[in-house]
Amino acid sequence: MRYLVTGGAGFMGSNYVRYLLKTYEDVEVLVYDKLSYAGRIENIKDLLERDKRIKFVKGDICNEEFFEYIVKEYEPDVIVNFAAETHVDRSINEPAAFIKTNILGVYSILEVLRRSSFSPRLIHISTDEVYGSISEGSVGEESPFNPSSPYSASKASGDLLVRAYYKTYGLDAIVVRPSNNYGPYQYPEKLIPKTIIRALHDKPIPIYGSGEQVRDWLFVEDFAEALEVVVRRGAKGEAYNIPGFNEKRNIDVVKDILRLLGKPETLIKHVADRPGHDYRYSMRGDKILSLGWKPKTSWEQGLRKTIEWYITNKWWWKPLISDKYFELDTPWSKGR
Ligand SMILES: NC(=O)c1ccc[n+]([C@@H]2O[C@H](COP(=O)([O-])OP(=O)(O)OC[C@H]3O[C@@H](n4cnc5c(N)ncnc54)[C@H](O)[C@@H]3O)[C@@H](O)[C@H]2O)c1
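Keep in mind that this is a model prediction, so the values were computed, not measured.

Criteria and thresholds
- Residues numbered from 1 in each chain as written.
- Predicted model: local features only at pLDDT ≥ 70, side-chain atom pairs only at ≥ 80, totals over all residues.
- Heavy atoms only, no water.
- Helix = DSSP H or I, 4+ residues; strand = E, 2+ residues; numbered from the N terminus.
- Polar contact = N/O pair within 3.5 Å; in protein donor to acceptor, adjacent residues only side chain to side chain.
- Axes fitted to C-alpha atoms, helices over the stretch in contact; angles between N-to-C directions.
- Left-handed = near helix turned anticlockwise from the far one by under 90°.
- Contact = heavy atoms within 4.5 Å.
- Nonpolar A, V, L, I, M, F, W, Y, C, P; charged D, E, K, R; others polar.
- Pairing = 2+ DSSP bridges.
- Salt bridge = Lys/Arg side-chain N within 4 Å of Asp/Glu carboxyl O.
- Buried < 20%, exposed > 50% of the residue type's maximum accessible area, 1.4 Å probe, protein only.
- Near = heavy atom within 4 Å.
- Areas by Shrake-Rupley, 256 points an atom, 1.4 Å probe, with all protein chains shown as cover.

Novice: So what about the side chain of H277? Which residues, and what values?
Specialist: Along the chain, H277 falls in the loop between β12 (268–271) and α10 (286–290). Within the local environment of H277, its side chain forms a polar contact with the side chain of Q213, the two groups lying 3.2 Å apart.

This is how it looks when you write it as structure tokens:
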């Protein structure tokens, strides 16, 4: 099977590509990625060096002409779209890039497929954040969207466009909505790597507001496995929630990391809360469970693996941090 993986040099995309090459003999993968600040060739460099089945092309999904050329040349069986601007904090400060990639970029991919003479399957990665904050219970795939941040609103738009192109033009398109992923190769600005790296330096760890916010954590390799189940057995036009079944308050995530690293909780510092901060995300997963998938990695195992990876791969994150990285300011606390 031939895979075109857009955004495959980012955190989840690179873990997925790694999983594909490790699990299946008969796969070929082309990673198409613009290498934004979050996309790093280092994430797949070892694979490119040792495995002939993977290739890389630098490209933007918003560049419709070039993307169309690549699709025609490569003739993939499936396109898996991870490409996105992904950091909610950045979307509060500078929403433009989110509108461009997460909406117009998805539109470009859909237009290329609408014109295409052959029909690769499109799997689009959406997010649990499209449903907005869930005070009680858990939501299914048909629950209404209620996004709160420019990030989640842009993801909701991309998600709806994909579904519209299935309904209107019959594209073989599927949406998956994963919960919070964690694991190796996640950019140091996100909660778990940020906590690990700061704790390793005995630096204060910022918690937004009270830290009571609840997120559902899924180990990134378990997500890769779920995604592949959808690629192979998912039904055209459907959306699939991919929960981690592992809800944790942010403050408890940070405390668990400190415990595993043997660091004191006095490192925790409460800072101004994120504007529009969703209290809780929670999805039901009946559809993906009915396809025979469930997460294999426990929170304790996944967190230990992640911490070990950051400890043994300092070469990967050291070039990404400077003194500024350890400041406690948030974009909104400066009123920018
Ligand atoms: N990380 C999570 O917990 C999480 C949870 C749910 C959904 N998601 C979604 O999963 C996907 C992957 O997330 P991630 O955490 O790996 O993100 P990431 O920021 O680590 O990676 C995004 C990748 O997309 C690339 N990219 C950005 N704009 C592009 C463009 N215009 N053209 C081509 N490539 C572009 C980047 O270079 C990078 O390699 C995103 O769609 C995100 O919204 C992430």
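Novice: Can you explain the packing of helix α9 (residues 250–261) against helix α11 (residues 299–312)? Please cite residues and give values.
Specialist: Working note: a packed helix pair is described by the angle between its axes plus the distance between those axes. Put simply, α9 and α11 touch, their axes get as near as 11 Å, and they point 65° apart. Here the hand of the crossing between α9 and α11 comes out right-handed. Across the interface between the two elements, V253, D256, I257, R259, L260 and L261 of α9 pack against W299, E300, L303, R304, I307 and I311 of α11. For the contact of α9 with α11, a count of residues per class yields eight nonpolar, no polar and four charged.

Novice: Can you break down the sheet that holds strand β11 (residues 247–249) residue by residue, with the values?
Specialist: Across the sheet, three strands lie side by side as β7-β9-β11; this open sheet has mixed pairing. Two strands lie at the open edges of the sheet, namely β7 (180–182) and β11, each paired on one side alone. Across the sheet, the mean angle from the axis of one strand to that of its neighbour is 50°, orientation sign disregarded. In this sheet, strand β9 (residues 214–219) lies alongside β7 in parallel orientation, the contact comprising three bridges. Bridged to N180 within β9 is W217.

Novice: I'd like a rundown of the pattern of salt bridges, residues and numbers included.
Specialist: All chains considered together, the criterion is met by 27 salt bridges. Note that R232 and E228 form a salt bridge whose closest N and O atoms lie 2.6 Å from each other. Of this pair, R232 and E228 both sit in helix α8 (residues 220–233), four residues apart, which is roughly one turn of the helix. A relative accessible area of 37% means that R232 is categorised as partly exposed. A salt bridge links R259 to E300, with the nearest nitrogen and oxygen atoms 3.3 Å apart. Of this pair, R259 sits in helix α9 while E300 sits in helix α11, and the two are 41 residues apart along the sequence.

Novice: Explain the pairing of β9 to me, and be specific about the residues and the numbers.
Specialist: Counting buried positions along β9 yields six of six residues, so the element is predominantly enclosed. Residues V214, D216 and L218 point to one face of β9 and R215, W217 and F219 to the other, with burial holding for every one of them. One ladder, built from three bridges, connects β9 with β11; its direction is antiparallel. Paired with R215 across the strands is K248, a residue of β11.

Novice: Requested: an account of the site of the ligand, with residues and values cited.
Specialist: Taken together, 28 residues lie near the ligand, and M12, D33, T86, Y151 and K155 sit nearest. The backbone of M12 places a nitrogen or oxygen atom 2.7 Å from an oxygen atom of the ligand. Within the contact set of the ligand, an oxygen atom lies 2.5 Å away from a side-chain nitrogen or oxygen of D33. Burial of the ligand by the protein amounts to 96% of the accessible area it has alone, namely 840 Å². Those elements that provide at least two residues to the shell around the ligand are α1 (11–23), α6 (150–169) and β7.

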